[in-house]
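Examining the three-dimensional arrangement
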Number of protein chains: 2
Amino acid sequence: MRPPLNLVIVGSVAFDTIETQASRRDRIPGGSGTYASMAASFFTRPGLVSIAGQDFPRSILALLRSRNIDLAGLKIKRGKTLAWHGLYASDPNQRTTLKTELNVWQDFRPVIPASYRRADIIFLSNLDPDSHDYILSQMKGIKLVAMDTIRYWIETKPEALFQAIQKVDILFANEEEARLLSSEFNLVRAGRQLQSSGPEVIIVKKGEHGAMVFGRNFVFSVVANPCENVVDPTGAGDAFAGAFLGYLASRGEFNRREIKKAAVYGNLVASLAIEDFGLDGLLRASQLDLIQRYKNFKKIISF
Amino acid sequence: MRPPLNLVIVGSVAFDTIETQASRRDRIPGGSGTYASMAASFFTRPGLVSIAGQDFPRSILALLRSRNIDLAGLKIKRGKTLAWHGLYASDPNQRTTLKTELNVWQDFRPVIPASYRRADIIFLSNLDPDSHDYILSQMKGIKLVAMDTIRYWIETKPEALFQAIQKVDILFANEEEARLLSSEFNLVRAGRQLQSSGPEVIIVKKGEHGAMVFGRNFVFSVVANPCENVVDPTGAGDAFAGAFLGYLASRGEFNRREIKKAAVYGNLVASLAIEDFGLDGLLRASQLDLIQRYKNFKKIISF
């Protein structure tokens, strides 16, 4: 018998059109839920809660299932899948959204399948903050609630967002979001300020500069895995969060030691994701590749 | 008897007027040579080669001597000391030079005192690249030549600068300089490209994000010491380089292990420097404070 599913990921499934300075891809599979699930699947069997249109390829769904991702929570609805079009500057941390078509994502009301409801960990990825309560009310005995957000919700629903943040245990934010949410430029201050707003753990994702973790009575800082060839940064943050939570789900303990290691794995899986377009970087990598990367990373940072 | 002087630092002594978003200081002692020497003095007795005007306070010179900095190479000349005026944005990595008065620095031709000439290590800090040969020709049996540069020389004397870079063992560059010098945005590529232009070791200083070291057959990456209260970033890069080289001078070995530790100490001494205006952060700190910071840093990055 399979072990019970222990990580629920609620996030988008999408078609991404991606323009970098070097190349372009049209309508490739993406979405925060997809990236996070793929990343988590290095460590655990995550359950994805999302929605796609009838235009989303069955072959990709089969691929996700083959990576041990549970899709009982993925609804296929008549209509078109969420579509996003982004452009990266030569600084890959700078991206512009050229177009977002919400399509079936527009009025998605996430329903958690019965088989997911006793999971310990749930990840609410870039969702409308007003939807959090409804989602969490469906869970039974949840131990750890994590969320990520995007600039859009910070600007359009700041009050609902802060109420949502109060109720989570782990908040992921990139540098820009951490600064916007805290009104502090200095990231250490930003992290501490966000901690005081509720979550026990704040994770500031700094892209090519790594990540900082503000935990109960500790700070942890880790560099990114040096990457010479950043092909497509899309989904790096989602991959970080997915790997982080996937690792924690596989360990079953949420102490300082495991949280630090989770951040290291978040970093490393994100570094796999950016080395190719879309999901290809993650799809190509095996668990052995990740172990090799971990060993190599240890060398790069040891002194 | 004192051990022979083993680190020569050629760099400026200046008055700095510093404006940050929070405060301002007028004509406080600074200069790349001063910061680097102060930082190096945590580890070794550095010899400073520089020039100041008659307006530079004797009390500051006495303070530098009391920190075990040799000033036989500091010339006091009739006239005014180099004066710099800078403004920091809320992002402390963004600074604008409002004014530079070169004064006695203008036609300074560095003469190495006889007592410095058998040192193993020399640091050429932000100098006119055309002056390097003349300075190096005065040294006897130098083992390690390190240099730092500034945007000004990259833009005004690129050819002389690249010839100078070819002849050094260690090149320090901040992110912007590394990108300008290599024409590569990605810092890993920039580091490798610069290595191929001559120096065995490239050190990319990333301010609040730490530093990367590209050595012979290794890459080392280290986060910055998390700093909640960045008061004045002036001299942080000079302090990094001074501490790095001061540590190496105290060890006498230039292998991978020592280079990595040197970068960690560079980081930590720089973090001391930015916690107060001008030299005050470095002046206030003792060697015990640095050891404490090292221990604490180990905790912050361990997993």
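Note that the structure is predicted; figures quoted are calculated from it, not measured. (Residues numbered from 1 in each chain as written. Chains lettered and ligands numbered in written order. Predicted model: local features only at pLDDT ≥ 70, side-chain atom pairs only at ≥ 80, totals over all residues.)

So, about the overall build of chain A. Counting its regular elements, chain A contains 11 helices and 13 strands. Taken along its principal axes, the extent of the C-alpha atoms in chain A is 55 × 45 × 45 Å. When burial is assessed residue by residue, chain A has 51% of its 303 residues classed as buried. Contacts in chain A between residues at least 24 apart in sequence constitute 66% of all its contacts with a sequence separation of at least 6. (Helix = DSSP H or I, 4+ residues; strand = E, 2+ residues; numbered from the N terminus. Buried ≥ 20, exposed ≤ 12 C-beta atoms within 10 Å, placed from the backbone. Contact = placed C-beta atoms within 7 Å.)

This brings us to the interface of chain B and chain A. Counting residues at the interface gives 25 residues for chain B and 25 residues for chain A. Contributions of two or more residues to the side of chain B that touches chain A are made by helix H7 (187–196), strand E13 (218–222), helix H9 (256–273) and helix H11 (287–301) of chain B. Among the elements that make up the side of chain B that touches chain A, the one with the highest residue count is E13(B) (4 residues). Of the residues belonging to the side of chain B that touches chain A, the class tally is 14 nonpolar, 5 polar and 6 charged. (Nonpolar A, V, L, I, M, F, W, Y, C, P; charged D, E, K, R; others polar.)

Once chain B is rotated about the relating axis by 180° and shifted along it by 0.0 Å, it coincides with chain A to within an RMSD of 0.0 Å. Overall, the copies show the geometry of a two-fold rotation axis. Comparing contact sets, 100% of the residues at the interface of chain B also lie at the interface in chain A, consistent with an isologous, same-surface contact. (Least-squares fit on C-alpha atoms with pLDDT ≥ 70 in both.)

Whether parallel or antiparallel, the strands of a sheet pair through hydrogen bonds between backbone atoms. Residues and elements named next belong to chain B. Reading across the sheet, the 4 strands line up as E3-E2-E6-E7 and stay open at both edges, with mixed pairing between neighbours. Edge positions in the sheet fall to strand E3 (24–30) and strand E7 (95–101), since each of these pairs with one other strand and no more. Neighbour-to-neighbour, the strand axes of the sheet open up by a mean angle of 20°, direction not taken into account. As judged from the 6 bridges shared by strand E6 (residues 82–88) and E7, these two strands associate in the antiparallel manner. (Pairing = 2+ DSSP bridges. Axes fitted to C-alpha atoms, helices over the stretch in contact; angles between N-to-C directions.)

Below, the discussion takes up the environment of Arg118(B). Residue and element names in this part refer to chain B. Tracing the backbone through its elements, the reader meets Arg118 in the loop between E7 and strand E8 (121–125). For Arg118, a count of 14 C-beta atoms within 10 Å gives the class partly exposed. Setting aside anything within four residues of it in sequence, one finds Arg118 in contact with Pro4, Lys140 and Gly141.

Here we take up helix H5 (residues 158–166) of chain A. All names here are of chain A. Among the residues of H5, those classed as buried are Leu161, Ala164 and Ile165. On an axial view of H5, the arc spanned by its buried residues comes to 100°, and they lie on one face. Counted as exposed and oriented over 90 degrees from the buried face of H5: Glu159 and Gln166. On the buried face of H5, the contacting elements are helix H3 (132–136), strand E9 (144–148), helix H4 (151–156) and strand E10 (170–174). (Arc of directions from axis to C-beta.)

Time to look at the pairing of strand E1 (residues 7–10) of chain A. Residue and element names in this part refer to chain A. Burial of the side chains of E1 extends over both faces: Leu7 and Ile9 are buried on one face and Val8 and Val10 on the other. Bridge analysis of E1 against strand E8 (residues 121–125) gives 4 bridges, and the strand direction is parallel. Bridged to Val10 within E8 is Leu124. As defined by bridge partners, E1 adjoins strand E4 (residues 46–53) across 4 bridges and the pair is classed as parallel. By the bridge assignment, Leu7 is partnered in E4 with Pro46.

Attention now goes to the pairing of strand E5 (residues 70–77) of chain B. Residue and element names in this part refer to chain B. Summarising the sheet, strand E4 (residues 46–53) and E5 pair through 6 bridges and their orientation is parallel. Counterpart to Val49 in the pairing with E5 is Gly73. Regarding the hand of the β-α-β motif, the stretch spanning E4, helix H2 (residues 58–66) and E5 is right-handed. (Right-handed = clockwise from strand over helix to strand, strands pointing away.)

On to the confidence of the model for chain A. For chain A, per-residue confidence averages 96 on the pLDDT scale, and 99% of positions sit at 70 or higher. Reported confidences for the modelled complex are a pTM of 0.93 and an ipTM of 0.89. (pLDDT = per-residue confidence, 0-100.)

For the rest of this paragraph, the subject is the environment of Phe214(A). Residues and elements named next belong to chain A. Secondary-structure assignment places Phe214 in strand E12 (residues 211–215). A residue is classified by how many C-beta atoms lie within 10 Å of it, and Phe214, with 25 of them, is buried. Sequence separation of Phe214 and Val168 is 46 residues, and the distance between their C-alpha atoms is 14 Å. Not counting residues within four places of it along the chain, the set of residues in contact with Phe214 comprises Gly191, Arg192, Gln195, Val201, Ile202 and Val219.

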